[in-house]
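# Notes for the structure review
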Amino acid sequence: MKVAIIGAGAMGGAIARGLISSAPRFITSPGDLCAANPSPRRLAPLAEAGASTTCSNIEAVRDASLVILCVKPWLVKDVITEIKDHIDYSYAEIAVVAACVTISDLNEWLHKESAGSRSPSFCIVMPNTAVSLCKSMTFQVNGNGTCPLTLKAFGQLGEVMVIEERLLPAATSIASCGIAYALRYIRAAMEGSVELGIRAPLAQEMIVQTLIGAASLLQEPGTHPETEIDKVTTPGGLTIRGLNAMEHSGFTSAVINGLKASTPR
Ligand SMILES: NC(=O)C1=CN([C@@H]2O[C@H](COP(=O)(O)OP(=O)(O)OC[C@H]3O[C@@H](n4cnc5c(N)ncnc54)[C@H](OP(=O)(O)O)[C@@H]3O)[C@@H](O)[C@H]2O)C=CC1
Ligand SMILES: O=C(O)[C@@H]1CCC=N1
């Protein structure tokens with residue numbers, strides 16, 4: 001089965017690396033993947049990993065069963081116009097990875113006279129950059145049909161939730177942008193650690209393991225962040241002083257404001 005990735009930038013490249021590393025679970029071998037990008041420099045590492053690469057979007061989508069479109073949102077319409085006549089709507093699925101496009105936009109852009117009234121199977125997919133390590137939180141909004149190939153592909157690349165379109169803006173902010181917010185917390189904690197005399201690489205190791213622990217605690221059934229925080233905060237102790245100082249600096253408000261600011265309208 002051929003998978004085409006159109007746009008091999010940050011996200012397309014990460015998806016390609018994730019699919020290659022998870023072979024043979026979705027693609028049988030790296031050669032089943034064809035990545036297209038205008039500048040060859042993005043393609044070189046994928047070619048080295050065994051994927052087929054091309055600067056022609058049309059060549060990439062020919063005979064593909066799954067087309068994953070990963071270009072900037074404002075290019076989606078033009079790229080669809082370029083490739084749609086070369087995609088066989090009778091079997092191919094189209095997964096569009098782009099913020100701020102809607103199912104209604106895609107319905108209109110994907111329509112082609114030659115297909116009569118046949119609509120392609122398509123969906124919007126919103127992963128985060130951890131797809132490259134198969135640890136993404138990905139959302140899928142189906143436009144037409146259930147898009148089982150897309151679900152299976154992204155299921156190899158982490159967790160997938162099929163959601164309603166109305167939830168996608170918030171979900172994008174929480175997880176696709178949110179991975180950057182989590183990383184910014186880590187950077188902030190590293191800066192604090194350096195001020196406290198810990199070298200940055202050692203601080204990074206300490207903080208990352210602490211966050212893995214925190215996330216793992218919350219993966220246990222029936223728990224909640226505040227329940228776990230209560231276990232840490234000795235009355236009159238150290239942690240509550242730190243938490244209160246963070247709140248005086250607006251920690252919770254900063255996070256809420258950030259999530260709201262990055263929710264597409
Ligand atoms: N980055 C992220 O974490 C996330 C991104 N997204 C979505 O993914 C999409 C891609 O974003 P991102 O990967 O960050 O952006 P990038 O700019 O990193 O990648 C876009 C790629 O598309 C290529 N490109 C430009 N024009 C065309 C074209 N006509 N045909 C084929 N490829 C083309 C670019 O090539 P060149 O560099 O040669 O111009 C570039 O490699 C966006 O719509 C974004 O909303 C969604 C979730 C998370
Ligand atoms: O910042 C952005 O617009 C893209 C979409 C979600 C994550 N990155």
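These numbers were taken from a predicted model, which means no experiment stands behind them. (Residues numbered from 1 in each chain as written. Chains lettered and ligands numbered in written order. Predicted model: local features only at pLDDT ≥ 70, side-chain atom pairs only at ≥ 80, totals over all residues. Heavy atoms only, no water.)

Among the residues of helix α6 (residues 148-155), those classed as buried are T150, A153 and F154. Angularly, the buried residues of α6 cover 90° about the axis, an arc narrow enough to put them on a single face. The inward-facing, buried residues of α6 contact α1 (10-22), β4 (66-69), β5 (93-96), β6 (121-126), β7 (136-144) and β8 (158-162). (Buried < 20%, exposed > 50% of the residue type's maximum accessible area, 1.4 Å probe, protein only. Helix = DSSP H or I, 4+ residues; strand = E, 2+ residues; numbered from the N terminus. Arc of directions from axis to C-beta. Contact = heavy atoms within 4.5 Å.)

UniProt marks N57 with the feature "binding site: NADPH" (unreviewed entry), using the numbering shown here. Along the chain, N57 turns up in helix α3 (residues 57-61). By relative accessible area, N57 is classed as buried at 12%. For N57, the residues in contact, after removing those within four places along its chain, are I6, A36, V79, E82 and I83. (UniProt positions renumbered as here; feature names shortened; annotations may be inferred.)

What surrounds ligand 2 is the set A99, T172, S176 and C177. In isolation ligand 2 offers 240 Å² of accessible surface; the protein chains occlude 40% of this area. Considering only residue class, the shell around ligand 2 consists of two nonpolar, two polar and no charged. (Near = heavy atom within 4 Å. Areas by Shrake-Rupley, 256 points an atom, 1.4 Å probe, with all protein chains shown as cover. Nonpolar A, V, L, I, M, F, W, Y, C, P; charged D, E, K, R; others polar.)

With that settled, the discussion passes to the domain arrangement of the chain. Taken domain by domain, the chain comprises domain 1 (3-163) and domain 2 (172-261). Considering only the side of domain 1, the residues that lose the most area to domain 2 are M126, N128 and F139, jointly responsible for 65% of the buried surface there. On inspection of domain 1 and its partner domain 2, the count reaches zero salt bridges. Connecting domain 1 to domain 2 are two residue pairs in polar contact (both at pLDDT 80 or more). The class makeup of the residues in the side of domain 1 that touches domain 2 is five nonpolar, two polar and no charged. (Domains from an automatic or database assignment. Buried area = accessible area lost by both parts, 1.4 Å probe. Salt bridge = Lys/Arg side-chain N within 4 Å of Asp/Glu carboxyl O. Polar contact = N/O pair within 3.5 Å; in protein donor to acceptor, adjacent residues only side chain to side chain.)

Here the focus is the nonpolar core. Of all hydrophobic cores here, the largest spans 34 residues; its most connected members are L69, V76 and L106. In contact with L69, not counting residues within four places along its chain, are I6, V76, V79, I80, I83, A95, V96 and V97. Counting 28 residues, the second largest nonpolar core, distinct from the first, contains I5, L19, A35 and V131. (Core = buried A, V, L, I, M, F, W, Y, C linked by side-chain atoms within 4.5 Å.)

Attention now goes to the site of ligand 1. Close to ligand 1 lie 24 residues; A10, M11, N37, S39 and V71 are nearest. Note that an oxygen atom of ligand 1 is positioned 2.9 Å from one of the backbone N or O atoms of A10. At 3.4 Å from an oxygen atom of ligand 1 is found a main-chain nitrogen or oxygen belonging to V97. Here ligand 1 loses 78% of its free accessible area of 880 Å² to cover by the protein chains. Its residues assigned to classes, the shell around ligand 1 comprises 15 nonpolar, six polar and three charged.

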